[in-house]
Amino acid sequence: MQAIVLVGGEGTRLRPLTYGTPKPMVPIMNVPFLARTLERLYEAGIRDVILPAGYMPQAIVDYFGDGSRLDMTITYVIEETPLGTAGALKNVEEHITGRFFVLNGDVLTSLDLQAMLRYHEEKGGLGTLHLIPVDDPSAFGCVVHDQTGLVSAFVEKPPRDQAPTNEINAGTYLLELEILKEIPAGRNVSIERETFPQVIAAGEKLYAYTTNDYWIDVGRPEQYLAAHRDILSGSMPLKLEPGLTGPGSDALKGHPGVVPPIHAAGDVVVDPTASIGPNVVLGKGCSLGARVVVRESVLWDRVSVGPGTHIEEAIVASGVTIGPEARIGKGSVIGHDVTIEPGQVLEAGSRVGPAPSTALPTT
Ligand code: GDD
Ligand code: MG
């Protein structure tokens, strides 16, 4: 069985983080998100993965290589211009040998892929779509179906008052090879806006597989932080790496300023007078000075924080230096290698560089 993980998006809603790191490489609990996804596929018995990529693909290739380190086979197909969520599938057609899973590359979920496969086999449709009920479906694809699961409509991102249902496309599909015939080659095609509506109109059968699994799209800063909170609280089950410490953190065991849950790389250096947590993740090589306060935030690798600085509900990319006595307001997002001056105050919701021209990929 093969899986195609869509990893070609530009991650615009996560800028400036994605000026320096493509969305699939954005860390979740200190490990690239895509590694989490591949691990889930591995656990479901899937070893053969195709990655249609386009935005900063080299960072992905450099990390995962041919997949052998993970006991998997990874095939990369690079799009020169984005082909869209269905165009990306058509573009890898020559590598697809039969029924296949498709995963949006930014979805964190506890979905059981094998159970979805059994459901798909029972129903016998051209495709099965994983659905999740949400409060506000307007940012997602709405999927209407009858009691047997048969899908009758797919409406991408409707205005909230026109949403026909609160059950949304959760970004995991199980598709039969024949669906590729419905996708035109050589141009940008959206599976949500074009292919699914067209397949439904043609009377082909798509089935809805609705579950109450943990599910979140990490493609926006608030959701990215929420995903970490949910992992730290245990509501999203996730295996943590050996060598890193789990919720409660051994690296900072006995540290008087730790408010659990937190998760820290083993080599962090934190002054005894600093206050860390709750819901904080510290990447490799982070150092926090005296009286620093960090709450509800994710710091990537090598973030250096000067004495007396406060950070709340923020995401700080790798290599950032924050001077002493700074204030990082709630919802701030700081991009790679940025320097925040001593005493600088970032208003709530700030997004700080780097300028894209200096950080866009050269490959
Ligand atoms: N290869 C490739 N080429 N991948 C792409 C392209 C492309 O042109 N465009 C987007 N992708 C990838 C993104 O990297 C992401 O992993 C996935 O396709 C979905 O794109 P997003 O940009 O994250 O879409 P969305 O979150 O607005 O909406 C999608 O996901 C929702 C669930 O999170 C849709 O599928 C919705 O229907 C769905 O509800
Ligand atoms: Mg998304």
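Residues numbered from 1 in each chain as written. Chains lettered and ligands numbered in written order. Predicted model: local features only at pLDDT ≥ 70, side-chain atom pairs only at ≥ 80, totals over all residues. Heavy atoms only, no water.

### Some details on the pattern of salt bridges
Evaluated as defined, the whole model comprises ten salt bridges. In this structure, the salt-bridge partner of Glu121 is Arg99, at a minimum N-O distance of 3.1 Å. Remark: Arg99 occurs in the loop between helix H4 (84-90) and strand E6 (100-104) and Glu121 occurs in helix H5 (residues 113-123); sequence separation between them is 22 residues. (Salt bridge = Lys/Arg side-chain N within 4 Å of Asp/Glu carboxyl O. Helix = DSSP H or I, 4+ residues; strand = E, 2+ residues; numbered from the N terminus.)

### Regarding the environment of Val269
Examined against the element boundaries, Val269 turns out to sit in strand E15 (residues 269-270). Distance from Val269 to Pro22, taken between C-alpha atoms, is 28 Å for residues 247 residues apart in sequence. Setting aside residues up to four positions removed in sequence, Val269 forms contacts with Cys286, Ser287 and Leu288. (Contact = heavy atoms within 4.5 Å.)

### Observations concerning the pairing of strand E9 (residues 141-145)
Note that E9 and strand E10 (residues 151-156) share five bridges and pair antiparallel. Each bridged residue has a counterpart across the sheet, and for Val144 the counterpart in E10 is Ala153. Hairpin geometry of E9 and E10 is characterised by an intervening segment of five residues between the two adjacent antiparallel strands and by a positive phi of about 95° at Gly149. (Pairing = 2+ DSSP bridges.)

### Observations regarding the confidence of the model for the chain
Residues of the chain with pLDDT of at least 70 account for 94%, and the chain-wide mean is 93. Confidence drops under pLDDT 50 across residues 243-248; counting only partners more than four residues distant or on other chains, this segment forms 21 contacts. A low-confidence stretch, residues 357-363 (pLDDT under 50), is modelled with seven contacts involving residues beyond four sequence positions or located in other chains. (pLDDT = per-residue confidence, 0-100.)

### Overview of the layout of surface pockets
Considering only enclosed or pocket space, the largest pocket measures out at about 1,000 Å³ in volume. Along the wall of the largest pocket there are 42 residues; nearest its centre are Gly9, Arg13, Lys23, Thr85 and Asp106. Elements that contribute at least two residues to the lining of the largest pocket include exactly strand E4 (48-53), H4, strand E11 (167-175), helix H6 (191-201) and strand E13 (215-217). For the lining of the largest pocket, the per-class residue count stands at 14 nonpolar, 16 polar and twelve charged. (1 Å grid on protein atoms, 1.4 Å probe; cavity = no way out; pocket = protein on both sides within 12 Å on 5 of 7 lines; lining within 4 Å. Points joined across faces, edges and corners; volume = space filled by probe spheres on them. Nonpolar A, V, L, I, M, F, W, Y, C, P; charged D, E, K, R; others polar.)

### Quick look at the site of ligand 1
The full set close to ligand 1 counts 26 residues, and Asp106, Glu156, Lys157, Asn169 and Glu192 are the nearest of them. Within the side chain of Glu79, one N or O atom sits 2.7 Å away from a nitrogen atom of ligand 1. The contact in question runs from an oxygen atom of ligand 1 to an N or O atom on the side chain of Glu192, over 2.5 Å. Taken by itself ligand 1 offers 740 Å² of open surface, and the protein chains cover 90% of this. Structurally, ligand 1 is housed in the largest pocket. Of all elements in the fold, only H4, E10, E11 and E13 reach the threshold of two or more residues within the shell around ligand 1. The element contributing the most residues to the shell around ligand 1 is H4, with three residues. Considering only residue class, the shell around ligand 1 consists of ten nonpolar, eight polar and eight charged. (Near = heavy atom within 4 Å. Polar contact = N/O pair within 3.5 Å; in protein donor to acceptor, adjacent residues only side chain to side chain. Areas by Shrake-Rupley, 256 points an atom, 1.4 Å probe, with all protein chains shown as cover. Sits in = over half its atoms within 2 Å of the grid points.)

### A closer look at unusual backbone geometry
Pro261 follows Pro260 through a cis peptide bond whose omega is 0°. Relative to the elements of secondary structure, Pro261 occurs in the loop between helix H7 (221-233) and strand E14 (262-264). For the bond running from Gly277 to Pro278, omega is 0°, close enough to zero to count as cis. One can find Pro278 in the loop between strand E16 (275-276) and strand E17 (280-282). The backbone of Met29 shows a phi angle near 50°, a positive value even though the residue is not glycine. Summarising the element assignment, Met29 is placed in the loop between strand E2 (27-28) and strand E3 (31-32). One non-glycine residue, Arg291, lies in positive phi territory at about 60°. Within the element layout of this structure, Arg291 appears in the loop between strand E18 (287-288) and strand E19 (293-295). Residue Arg291 is classed as partly exposed on the basis of its relative accessible area, which comes to 44%. (Buried < 20%, exposed > 50% of the residue type's maximum accessible area, 1.4 Å probe, protein only.)

### With respect to the side chain of Thr309
Mapping Thr309 onto the fold places it in the loop between strand E21 (304-305) and strand E22 (310-312). A distance of 2.7 Å separates a polar side-chain atom of Thr309 from the backbone oxygen of Gly323. Polar side-chain contacts of Thr309 include one of 3.1 Å to the backbone nitrogen of Glu325. Not counting residues within four places of it along the chain, the set of residues in contact with Thr309 comprises Arg291, Val292, Val293, Ile322, Gly323, Pro324, Glu325, Ala326 and Arg327.

### Some details on the sheet that holds strand E24 (residues 321-322)
Taken in spatial order, the five strands line up as E15-E18-E21-E24-E27 in an open sheet, and their pairing is parallel. A strand with exactly one partner marks an edge of an open sheet, and here the two such strands are E15 and strand E27 (339-340).

### Structural notes on the packing of aromatic side chains
For the structure shown, the criterion picks out five aromatic pairs. Aromatic side chains Tyr119 and Tyr209 sit 4.8 Å apart centroid to centroid with 40° between the ring planes, which places their arrangement in the tilted category. Within this pair, whereas Tyr119 is found in helix H5, its partner Tyr209 is found in strand E12 (residues 206-210), the two being separated by 90 residues in sequence. Residue Tyr119 is classed as buried on the basis of its relative accessible area of 16%. Both rings, one in Phe154 and one in Phe196, keep their centres 5.3 Å apart while their planes meet at 35°; by these two values the pair is tilted. Of this pair, Phe154 sits in strand E10 while Phe196 sits in helix H6; the two residues are 42 residues apart in sequence, bridging distant segments of the chain. A single burial state applies to Phe154 and to Phe196, both of which are buried. Taken together, the ring pairs connect Phe154, Tyr173 and Phe196 into an aromatic cluster. (Phe/Tyr/Trp six-rings, centres within 6.5 Å; stacked < 30°, edge-to-face > 60°.)

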